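Spelled out from the first residue to the last, the chains are:
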Amino acid sequence: MEEIDLKNYSTDGKTQHLSTEEDINTKLSKIIGEKFVKYRKLWNDANDMKLVTEYPLFLHLDMNQECNYKCPHCIIGHKSLVNEIYGDEVYLDFNDYKKIIDEASQYNCPSLSPQGYNEPFLNKKLHEYISYANKKGFIDIMLNNNGSAINKKRSQELLDSGLTRLRFSLDATTPEVYSKVRVGSIHLDKVKRNIDDFLDLKEKGNYKLPIVGVSFCKMKANEHQMDDFIKEWKDKVDIVSIQRYVPPTPKKAEYQEYYASDQFSLEPVNEFACVQPFQRVMVRNESITPCCVSFNKDLTLGSIKNMTIHEAWHSDKMNEIREIHRKGEYYKNKTCKDCVEAIYPEDLS
């Protein structure tokens, strides 16, 4: 990466966050206040694996797998993979969502993303989901989206919903590269206008939240545009995120063409500690899982139909997963081993 004068930090080692201002969590602490400070202190202790909280600090809710794009590097771009990995599980509806939020509210859960491997703005009532969580006490509510389905009306609904963080996934600076990595997309210029409209409404309405970011998943097809991407957006948004590519299945050889040239490891990873089981659970459709990786079907903790989030969080299986990561022994769980080797692959060429 070219030297660019930005503050640089990461919370998971996979995504690099760049900002012209202070750490974004410092900025949010100033806006939200002491309760946010306390939550981030717990988050830092959980990240250091010093603490297992009474309830997850973050709920990641993948309520459906629907997207208007068919990106070839994403699981949603492959309908057969979705069917194979997720099966016939029923999507979550608003009643399921409220049940989860109501339980979390009892434990003062602070953080939420009501979206997973999907395009959240395909849900026409998305702002109602966010507002419900905000009214139930969540103080850090975040969304990623592709910027295609948000318009001025929905932007205004979002600004009034209580959303804390909004990130637009772009991955390119030119329409030619954008259409290659974002298959089935609308034109990049239209996406940028949608983002500009949101930023304009936010500024004119004097809204402090949500903080706004853009993200760039670094791959072979777009890596030459990364520095230009950072320069283009660093003064327009609060945060620019550079993500490592994570293939949708552990079959690395099938996704060799997508890896960035500097992502390959010269040697196998012998020790790795994932912090996600100390931070969160993910609910994908009805399954409760300990992390966000798309191919964790065999790592489920249970179902929301017969288990609470609290029970899953304190289950023997969750505790076992935490313990292997405390020791850096990720390879003792097959899904964790597949995940680490997929994110830090050896060169297969």
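Our subject in this report is the structure included herewith. Given the structure is predicted, the values throughout are model-derived calculations rather than measurements. (Residues numbered from 1 in each chain as written. Predicted model: local features only at pLDDT ≥ 70, side-chain atom pairs only at ≥ 80, totals over all residues. Heavy atoms only, no water.)

**A short note on the overall build of the protein**
Now for step 1: From N to C terminus, the protein includes 13 helices and eleven strands.
Now for step 2: Here the C-alpha atoms of the protein give a radius of gyration of 19 Å, agreeing with the 20 Å that 2.2 N^0.38 yields for 349 residues.
Now for step 3: When the 349 residues of the protein are sorted by exposure, 55% land in the buried category.
Now for step 4: For the protein, the proportion of contacts with a sequence separation of at least 24, taken over those separated by at least 6, is 72%.
Now for step 5: Carbon and sulfur atoms make up 47% of the accessible area of the protein, which amounts to about 15,700 Å² in all.
Now for step 6: Distance between charge centroids for the protein: 4 Å, based on 49 positive and 54 negative side chains. (Helix = DSSP H or I, 4+ residues; strand = E, 2+ residues; numbered from the N terminus. Rg over C-alpha atoms; globule rule 2.2 N^0.38 Å. Buried < 20%, exposed > 50% of the residue type's maximum accessible area, 1.4 Å probe, protein only. Contact = heavy atoms within 4.5 Å. Areas by Shrake-Rupley, 256 points an atom, 1.4 Å probe, with all protein chains shown as cover. Lys, Arg positive; Asp, Glu negative; His and termini not counted. Charge placed at Lys NZ, Arg CZ, Asp CG, Glu CD.)

**Some remarks on the pattern of salt bridges**
Now for step 1: Counting across every chain of the model gives 21 salt bridges.
Now for step 2: The salt bridge partner of Asp338 is Lys334, with a shortest N-O separation of 2.8 Å. Of the two residues, Asp338 and Lys334 both sit in helix H13 (residues 334-343), four residues apart, roughly one turn of that helix.
Now for step 3: In this structure Asp338 comes out as buried when scored by relative accessible area, which is 15%.
Now for step 4: The structure contains a network of salt bridges with shared partners spanning Lys27, Lys202 and Asp238. (Salt bridge = Lys/Arg side-chain N within 4 Å of Asp/Glu carboxyl O.)

**Things to note about the packing of aromatic side chains**
Now for step 1: For the structure shown, the criterion picks out 18 aromatic pairs.
Now for step 2: A ring pair is formed by Phe36 and Tyr39, whose centres lie 5.2 Å apart and whose planes are at 85°; its orientation type is edge-to-face. With Phe36 and Tyr39 both in helix H2 (residues 34-47), this residue pair falls three residues apart, about one helical turn. Considered together, Phe36 and Tyr39 belong to a single accessibility category, that of buried residues.
Now for step 3: One aromatic cluster is present, built from ring pairs that chain together Tyr245, Tyr255, Tyr258, Tyr259 and Phe264.
Now for step 4: A cation sits over an aromatic face here: Arg40 above Tyr39, 5.2 Å from the ring centre.
Now for step 5: In this arrangement the basic side chain of Arg322 is found over the ring face of Trp313, its NZ or CZ atom lying 4.2 Å from the centre. (Phe/Tyr/Trp six-rings, centres within 6.5 Å; stacked < 30°, edge-to-face > 60°. Lys NZ or Arg CZ within 6 Å of the ring centre and 35° of its normal.)

**Section: the nonpolar core**
Now for step 1: Counting 83 residues, the largest nonpolar core has Leu59, Leu61, Leu112, Phe138, Leu158 and Val240 as its most contacted members.
Now for step 2: Beyond its immediate sequence surroundings of up to four residues, Leu61 is in contact with Tyr97, Ile100, Ile101, Leu112, Ser113, Pro114, Gln115, Gly116 and Val283.
Now for step 3: Counting residues in each nonpolar core, the second largest holds 16 residues, with Phe36, Phe58, Leu209 and Ile211 among its members. (Core = buried A, V, L, I, M, F, W, Y, C linked by side-chain atoms within 4.5 Å.)

**Examining helix H12 (residues 316-326)**
Now for step 1: Looking only at H12, the buried set comprises Met318, Ile321, Arg322, Ile324 and His325. End-on, the buried residues of H12 take up no more than an arc of 165°, which puts them together on one face. Among the exposed residues of H12, those pointing more than 90 degrees away from its buried face are Asp316 and Glu320.
Now for step 2: Tucked into the core, H12 has its buried residues touching helix H10 (276-279), strand E9 (280-284), helix H11 (309-313) and H13.
Now for step 3: The positive-phi residue at the C-terminal boundary of H12 is Gly328, with phi of around 75°. (Arc of directions from axis to C-beta.)

**Concerning helix H3 (residues 79-86)**
Now for step 1: Along H3, the positions that sit buried rather than exposed are Leu81, Val82, Ile85 and Tyr86. Summarising the axial view, the buried residues of H3 lie within an arc of 100°, below the 170-degree limit, and thus occupy one face. In H3, those exposed residues whose orientation departs by more than 90 degrees from the buried face are Lys79, Ser80 and Glu84.
Now for step 2: Packing partners of the buried residues in H3 comprise E9.
Now for step 3: Positioned one or two residues after H3, Gly87 has a phi angle of 65°, which is positive.

**Details of empty space enclosed by the protein**
Now for step 1: With the rule as written, the count across this model stands at two cavities of 30 Å³ or more.
Now for step 2: The computed volume of the second largest cavity comes to approximately 160 Å³.
Now for step 3: Residue lining of the second largest cavity: 17 residues in total, with Cys274, Cys291, His325, Cys336 and Cys339 positioned closest to the centre.
Now for step 4: Secondary structure elements with two or more residues in the lining of the second largest cavity: H10, H12 and H13.
Now for step 5: Of the residues forming the lining of the second largest cavity, the biggest block, five residues, is contributed by H13.
Now for step 6: The residue makeup of the lining of the second largest cavity, split by class, is 13 nonpolar, three polar and one charged. (1 Å grid on protein atoms, 1.4 Å probe; cavity = no way out; pocket = protein on both sides within 12 Å on 5 of 7 lines; lining within 4 Å. Points joined across faces, edges and corners; volume = space filled by probe spheres on them. Nonpolar A, V, L, I, M, F, W, Y, C, P; charged D, E, K, R; others polar.)

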